[in-house]
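# Observations on the model geometry
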Amino acid sequence: MGNCFGHSPTREYSVSNSTRASAAGKSGHDSRSGFLVNSSGVGEIPEGANESQGEILEMPNLKVFTFADLRSATKNFKQDNLLGEGGFGRVFKGWVDEKTLAPSKMGSGMVVAIKKLNPESMQGFDEWQSEVNFLGRLSHPNLVRLLGYCWEDKELLLVYEFMQKGSLENHLFRRSPNIEPLSWDRRLQIAIGAAKGLAFLHTSDKQVIYRDFKASNILLDWNYNAKIADFGLAKLGPSGEESHVTTRVMGTSGYAAPEYVATGHLYVKSDVYGFGVVLLELLTGHRALDLKRPGGQQSLVEWTRPFLSQRGKLKLIIDARMEGQYSFKAALQTAQLVLRCLASEPRNRPSMKEVVDVLLRIELIKDKPKKSSVSSSRRPAPRQDMRHQGPNP
Ligand SMILES: Nc1ncnc2c1ncn2[C@@H]1O[C@H](COP(=O)(O)OP(=O)(O)OP(=O)(O)O)[C@@H](O)[C@H]1O
Ligand SMILES: [Mg+2]
């Protein structure tokens, strides 16, 4: 779900004893999520939430599953049903009845994704609780739907709507003959969906800061509609006159905003920085952080920043797999938006509402270029371009 920073991008989590105490059924205030948590693990709605673009439910409408239910729905967590694995644990495909959500036979009823805590994971109850508290009551077309949870002894599980096309990370970075490269139009559609999800979180009166925006947390449905998943690190935004909340630095290297990494001051606009990094990944097809790249190119932001601001160099960093699919004007405006999102001062970044508006305007630009006579497969990769042309960024 998320990780905190060490000296390297390796994951490092801790769950305090006091949090474990609430796992045993105590009521208390969860300082991380900011919600009041009762013995059922379900918090109270933040006051004055804005419901205009989505819905913030008064009570989480979640089914409480037994461990036996979920074991049955996944055929005893059969390896064949494994969808993936993250810091929290493994994610399995399961089948439940569409109406009652009771486990059904494999292949019948509705498919769900079931995330099971790995007992050795350093993430744990905090993230699980935050997911239930936030995602359990937030409802928006661009947020993954949490259907229910299981909490039995040490077993913590979460049950989500199934996202047929998996994560954006898989589509962008896992080069496989089974995965078709995402087209320009599709990347823009994904960026717009994810931006709308974040804008919804930020525009509720009591703002929600997502804190872990990255390609692996954007899931895609059958039609490539993007939905944000994993609210394990989400936090309520500042109250009153405060501009930020102060918190332990957690998140994922390469995506986190510089002010947050340096000071632990978390702004709503820290999410906008993370969005800028993902937009840059969509534009270039490269990972935010890749230690396999040569020095000077490992951080995508540092490496590509000079290319984004120079008209003549922009083409060198755009993913060659999209050649012939986009108008240069649209690419230029996207690069300018990336730069604004990556501004070092949070107040100089646009709001997510503004980001949505700009992306919708870019989507309307239709002057596509004529197809290049050089096929994209024969063009040198962007990384090569950058290594051999122009100043080393
Ligand atoms: N609702 C879902 N529908 C379909 N597949 C899912 C769903 N949730 C997760 N997955 C799959 O499981 C994988 C692991 O997800 P998970 O959120 O546990 O880890 P992650 O996002 O890769 O890493 P992190 O621990 O940093 O969040 C995803 O990459 C995705 O392929
Ligand atoms: Mg995730």
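See the structure printed just above.
Quick summary incoming for the structure in this document. (Residues numbered from 1 in each chain as written. Chains lettered and ligands numbered in written order. Predicted model: local features only at pLDDT ≥ 70, side-chain atom pairs only at ≥ 80, totals over all residues.)

### Thoughts on the overall build of the protein
Helix and strand content of the protein: 12 helices and 18 strands. Looking at the protein as a whole, 44% of its 393 residues are labelled buried. In the protein, of all internal contacts separated by at least 6 residues, the share reaching a separation of at least 24 is 68%. (Helix = DSSP H or I, 4+ residues; strand = E, 2+ residues; numbered from the N terminus. Buried ≥ 20, exposed ≤ 12 C-beta atoms within 10 Å, placed from the backbone. Contact = placed C-beta atoms within 7 Å.)

### Some remarks on the pairing of strand S10 (residues 146-152)
Taking burial as the measure, the 7 residues of S10 include 6 buried ones, the bulk of the element. Where S10 lies against strand S11 (residues 155-161), 6 bridges are found, and the strand directions are antiparallel. Note on S11: the bridge partner recorded for tryptophan 151 is leucine 156. Linking two consecutive strands that pair antiparallel, namely S10 and S11, is a turn of 2 residues; a positive phi of about 50° is found at aspartate 153 within it. (Pairing = 2+ DSSP bridges.)

### A closer look at the site of ligand 1
Surveying the vicinity of ligand 1 reveals 23 residues, the closest of which are Gly84, Gly86, Gly87, Val91 and Ala113. Within the residue set of the shell around ligand 1, elements represented by two or more residues are strand S6 (82-85) and strand S8 (110-117). Considering each element in turn, the shell around ligand 1 owes the most residues, 3 residues, to S6. Grouping the constituent residues of the shell around ligand 1 by class yields 11 nonpolar, 9 polar and 3 charged. Two domains each provide a minimum of three residues to the shell around ligand 1, namely domain 1 (10-161) and domain 2 (166-385). (Near = placed C-beta within 6 Å. Nonpolar A, V, L, I, M, F, W, Y, C, P; charged D, E, K, R; others polar. Domains from an automatic or database assignment.)

### Concerning helix H11 (residues 352-363)
When the terminal C-alpha atoms of H11 are compared, their 16 Å separation across 12 residues agrees well with the 16 Å that a helix rising 1.5 Å per residue should span. Within H11 the residues assigned to the buried category are Met352, Val355, Val356, Leu359 and Ile362. Along the axis of H11, the buried positions cluster into a sector of 125°, meaning they face one direction only. On its buried face, H11 sits against helix H5 (184-203), helix H7 (268-284) and helix H10 (328-341). (Expected span 1.5 Å × (residues − 1). Arc of directions from axis to C-beta.)

### What about H5?
A rise of 1.5 Å per residue sets the reference length of H5, with its 20 residues, at 28 Å; its end C-alpha atoms lie 28 Å apart and thus fit the reference within 8%. Counting buried residues along H5, 15 of its 20 residues qualify, which places the element largely inside the surrounding structure.

### A closer look at the packing of H5 against H7
Two numbers describe how H5 lies on H7: the axes approach to 11 Å, and their chain directions differ by 175°. In terms of orientation, H5 and H7 fall into the roughly antiparallel class. Packed against H5, whose contacting residues are Arg187, Ile190, Ala191, Ala194, Ala195, Leu198 and His202, the element H7 presents Val268, Asp271, Phe275, Val278, Leu279 and Leu282 at the interface. Split by residue class, the contact of H5 with H7 holds 10 nonpolar, 1 polar and 2 charged. (Axes fitted to C-alpha atoms, helices over the stretch in contact; angles between N-to-C directions. Parallel < 35°, antiparallel > 145°, perpendicular 65-115°, else oblique.)

### What about the sheet that holds S10?
One open sheet holds the 6 strands; their spatial order is S5-S10-S11-S8-S7-S6, and the pairing between them is mixed. In this open sheet, the two edge strands, each paired with only one partner strand, are strand S5 (63-64) and S6. Bridging between S5 and S10 involves 2 bridges; their strand directions are parallel. Residue pairing for S10: valine 64 is matched across the bridge by tyrosine 149. The strands that helix H3 (residues 125-135) touches are S8, S10 and S11; relative to S11, the one it contacts most, it runs at about 35°.

### A short note on the packing of H5 against H11
For any two helices packed against each other, one specifies the crossing angle of their axes together with the interaxial distance. Remark: H5 packs on H11, axes separated minimally by 8 Å, with the N-to-C direction vectors making an angle of 160°. As summarised for this structure, H5 and H11 are arranged roughly antiparallel, according to the angle between their axes. As H5 packs across H11, the resulting crossing turns out to be left-handed. Residues Leu188, Ala191, Ile192, Ala195, Lys196, Leu198, Ala199, His202 and Thr203 of H5 lie in contact with H11, whose contacting residues are Met352, Lys353, Val355, Val356, Leu359, Leu360, Ile362 and Glu363. Of the residues assigned to the contact of H5 with H11, the class counts are 12 nonpolar, 2 polar and 3 charged. (Left-handed = near helix turned anticlockwise from the far one by under 90°.)

### Examining the nonpolar core
Core analysis: the biggest nonpolar cluster contains 99 residues, and Ala195, Leu198, Phe275 and Leu279 have the highest contact counts within it. Built from parts of two domains, this core gets at least three residues from each of domain 1 (10-161) and domain 2 (166-385). (Core = buried A, V, L, I, M, F, W, Y, C linked by C-beta atoms within 7 Å.)

### Looking at the environment of serine 108
Here serine 108 is to be found in the loop between strand S7 (89-96) and S8. Taking the number of C-beta atoms within 10 Å as the measure of exposure, serine 108 has 11 and is therefore exposed. Counting along the chain gives 10 residues from serine 108 to glutamate 98, while the straight-line C-alpha distance between them is 9.4 Å.

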